[in-house]
Amino acid sequence: METLVYSIKIHAPQQKVWDVLWTLDSYQAWTKFFSPSSTMQSDWKVDGKTYFLDGEGNGMISTIASIEEPKQLIFKHLGIIQNGQEDLESDEVKSWAGTLEKYFLLESGADTELHVEVDVQPEYIEMMDKGFKQGLEAIKQMSES
């Protein structure tokens, strides 16, 4: 497992960057670089359920480990959903379950630094790296407009 780390300075208030990250329309705009039909469904509760899904409803099952709007959000990945079936127990899932995806928004004057840390299996590093680099630029553009 490797932890990828990204930071980008955005000339916008912390709350605006938060809203761009987690409002459904803008979320779909910046996560299209991972999957063109990417979406997220969440109850927004610590230890609740969050689903990161593709256009067919397949994807990752996670929970919110910590949330402090608009400063930080940490997801803990738990399993996968495929063809409507949740898998939290297979050996494949157990090999990465518990990995984290962290978002920190640090406000400094009129700017916000968005800092992201994500645990990634080696075979997904290239895809995730490309997705985050393009996605963070999209977040910056949407937040600054």
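If you open the UniProt record of the chain and go to Sequence similarities (unreviewed entry), you find "Belongs to the AHA1 family."

Our focus in this paragraph is the overall build of the chain. Each helix and strand in the chain was counted, giving four helices and eight strands. Each helix and strand of the chain, placed in order from N terminus to C terminus, yields the pattern β-α-α-β-β-β-β-β-α-β-β-α. Taking 2.2 N^0.38 as the reference for a compact globule, 145 residues should give roughly 15 Å; the C-alpha atoms of the chain span a radius of gyration of 15 Å, in line with that estimate. In terms of principal-axis extent, the alpha carbons of the chain reach across some 45 × 30 × 25 Å. Across the 145 residues of the chain, 41% fall into the buried class. Look at the contacts in the chain between residues 6 or more apart in sequence, and 53% of them connect residues 24 or more apart. With 12 positive and 25 negative side-chain charges, the chain shows a spacing of 4 Å between the two charge centroids.

Counted under the stated rule, the structure contains 14 aromatic pairs. Ring geometry for Trp22 against Phe75: centres 5.5 Å apart, planes inclined by 70 degrees, an arrangement best described as edge-to-face. With a gap of 53 residues between them, Trp22 in helix α1 (residues 14-22) and Phe75 in strand β5 (residues 72-82) connect regions that are remote in the sequence. Classification of Phe75 by relative accessible area gives buried; the value is 0%. A centroid spacing of 5.6 Å and a plane angle of 80 degrees characterise the contact between Tyr27 and Trp30, whose relative ring orientation is edge-to-face. With Tyr27 and Trp30 both in helix α2 (residues 24-31) and three residues apart, the pair spans about one turn of that helix.

This part covers unusual backbone geometry. Most peptide bonds are trans, and most residues other than glycine sit at a negative phi. Following Glu69, the chain continues into Pro70 via a peptide bond in cis, with omega recorded as 0 degrees. For Pro70, the location among the structural elements is in the loop between β4 (59-68) and β5. Backbone geometry places Trp44, a non-glycine residue, at a positive phi of 60 degrees. Structurally, Trp44 is set in the loop between β2 (39-42) and β3 (50-53). Take Trp44: its relative accessible area is 34%, and that puts it in the partly exposed class. The phi dihedral of Asp47 falls on the positive side, at around 70 degrees, and the residue is not glycine. Mapped onto the fold, Asp47 is located in the loop between β2 and β3.

Our next topic: the layout of surface pockets. Remark: the empty space left among the atoms is shown by a probe the size of a water molecule rolled over them. When its volume is computed, the largest pocket comes out at roughly 860 Å³. In terms of lining residues, the largest pocket is bounded by 32 residues, among which Phe52, Gly59, Met60, Met127 and Met128 are the most central. For the lining of the largest pocket, the secondary structure elements donating two or more residues are α2, β3, β4, β5, β7 (100-108), β8 (111-120) and α4 (125-144). The class makeup of the residues in the lining of the largest pocket is 17 nonpolar, ten polar and five charged.

Compared with an ideal rise of 1.5 Å per residue, which puts 20 residues at 28 Å, α4 spans 28 Å between its outermost C-alpha atoms and is within 8% of the ideal. Among the residues of α4, those classed as buried are Met128, Gly131, Phe132, Gly135, Leu136, Ala138, Ile139 and Ser143.

Further remarks concern the environment of Gly57. In this structure, Gly57 sits in the loop between β3 and β4. Assessed through its relative accessible area of 27%, Gly57 is described here as partly exposed. Taking the C-alpha atoms as reference, Gly57 lies 9.7 Å from Ser37; in sequence the two are 20 residues apart.

Rules used in this analysis
Residues numbered from 1 in each chain as written. Predicted model: local features only at pLDDT ≥ 70, side-chain atom pairs only at ≥ 80, totals over all residues. Heavy atoms only, no water. UniProt positions renumbered as here; feature names shortened; annotations may be inferred. Helix = DSSP H or I, 4+ residues; strand = E, 2+ residues; numbered from the N terminus. Rg over C-alpha atoms; globule rule 2.2 N^0.38 Å. Buried < 20%, exposed > 50% of the residue type's maximum accessible area, 1.4 Å probe, protein only. Contact = heavy atoms within 4.5 Å. Lys, Arg positive; Asp, Glu negative; His and termini not counted. Charge placed at Lys NZ, Arg CZ, Asp CG, Glu CD. Phe/Tyr/Trp six-rings, centres within 6.5 Å; stacked < 30°, edge-to-face > 60°. 1 Å grid on protein atoms, 1.4 Å probe; cavity = no way out; pocket = protein on both sides within 12 Å on 5 of 7 lines; lining within 4 Å. Points joined across faces, edges and corners; volume = space filled by probe spheres on them. Nonpolar A, V, L, I, M, F, W, Y, C, P; charged D, E, K, R; others polar. Expected span 1.5 Å × (residues − 1).

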